Amino acid sequence: MTFQLLIVLAALIWLASLASLAAYVKPLWLSVLLSLLALAIGYLGLTRFQVNASKTVNSHVQWSFNSHWFFITTIVLAVLSLAYSIWKHRRTSATH
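Residues numbered from 1 in each chain as written. Predicted model: local features only at pLDDT ≥ 70, side-chain atom pairs only at ≥ 80, totals over all residues. Heavy atoms only, no water.

To continue, consider the overall build of the chain. The helix and strand inventory of the chain stands at 3 helices and 2 strands. Each helix and strand of the chain, placed in order from N terminus to C terminus, yields the pattern α-α-β-β-α. Of the roughly 6,600 Å² of accessible surface on the chain, a fraction of 69% belongs to carbon and sulfur atoms. (Helix = DSSP H or I, 4+ residues; strand = E, 2+ residues; numbered from the N terminus. Areas by Shrake-Rupley, 256 points an atom, 1.4 Å probe, with all protein chains shown as cover.)

Encoded structure:
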């Protein structure tokens, strides 16, 4: 597998998980469900589906890639999305 293909694979998984973040979905249950899905994708990316690649020439690392950081970002954004959705629902419920 080439380095470019590894980058594309990790980026597509990461973008798919970010797309499931649900801060702007109207029904609370759907928003919570999508946020939990993004959390699950982030968790699986951290624990099961990491992509590590590097190239060493003459004992010097020319490049290194670890998909770990993409999934940490996904988890942080999913938690923020979940918190925002619940806060938005409570704020809306309190005004009615």
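The rest of the description comes next.
In this section: the environment of Gly 42. Note that Gly 42 resides in helix H2 (residues 28–47). Measuring from C-alpha to C-alpha, the distance between Gly 42 and Phe 71 comes to 4.8 Å, with 29 residues separating the pair along the chain. Ignoring sequence-local partners within four residues, the contact set of Gly 42 consists of Phe 71, Thr 74 and Ile 75. (Contact = heavy atoms within 4.5 Å.)

Right, let's get into the pairing of strand E2 (residues 60–66). Judged from the 6 bridges that link them, strand E1 (residues 52–57) and E2 form a sheet pairing that is antiparallel. Opposite Asn 52, over in E2, you have Asn 66 as the bridge partner. Here E1 hands over to E2 after 2 residues, with Asn 58 in that stretch at a positive phi of 55 degrees. (Pairing = 2+ DSSP bridges.)

Moving on, we come to the confidence of the model for the chain. Low-pLDDT stretches of the model should not have their predicted coordinates read in fine detail. Taken as a whole, the chain shows an average pLDDT of 78; of its residues, 85% reach a score of 70 or greater. Across the chain, the element-wise mean pLDDT spans from 71 in helix H1 (residues 3–19) up to 84 in H2. (pLDDT = per-residue confidence, 0-100.)

At a minimum axis distance of 8 Å, the contact between H2 and helix H3 (residues 68–95) shows a crossing angle of 160 degrees. As far as their axial angle goes, H3 and H2 are roughly antiparallel. Crossing of H2 against H3: the hand is left-handed. Contacts from Leu 28, Ser 31, Val 32, Ser 35, Leu 36, Ala 38, Leu 39, Ile 41, Gly 42, Tyr 43, Gly 45 and Leu 46 in H2 reach His 68, Phe 71, Ile 72, Thr 74, Ile 75, Ala 78, Val 79, Ser 81, Leu 82, Ser 85, Ile 86 and His 89 in H3. (Axes fitted to C-alpha atoms, helices over the stretch in contact; angles between N-to-C directions. Parallel < 35°, antiparallel > 145°, perpendicular 65-115°, else oblique. Left-handed = near helix turned anticlockwise from the far one by under 90°.)

For H3, spanning 28 residues, the distance from its first C-alpha to its last is 41 Å, which sits close to the expected 40 Å at 1.5 Å a residue. By the burial criterion, the buried members of H3 are Phe 71, Thr 74, Ala 78, Ser 81, Leu 82, Ser 85 and Lys 88. (Expected span 1.5 Å × (residues − 1). Buried < 20%, exposed > 50% of the residue type's maximum accessible area, 1.4 Å probe, protein only.)

A separate point is H2. Its 20 residues give H2 an end-to-end C-alpha distance of 28 Å, which sits within 8% of 28 Å, the value for a rise of 1.5 Å per residue. When we look at burial in H2, the residues that qualify are Ser 31, Ser 35, Ala 38, Gly 42 and Gly 45. All buried residues of H2 project into a common sector of 80 degrees when viewed along the axis, lining one side. (Arc of directions from axis to C-beta.)

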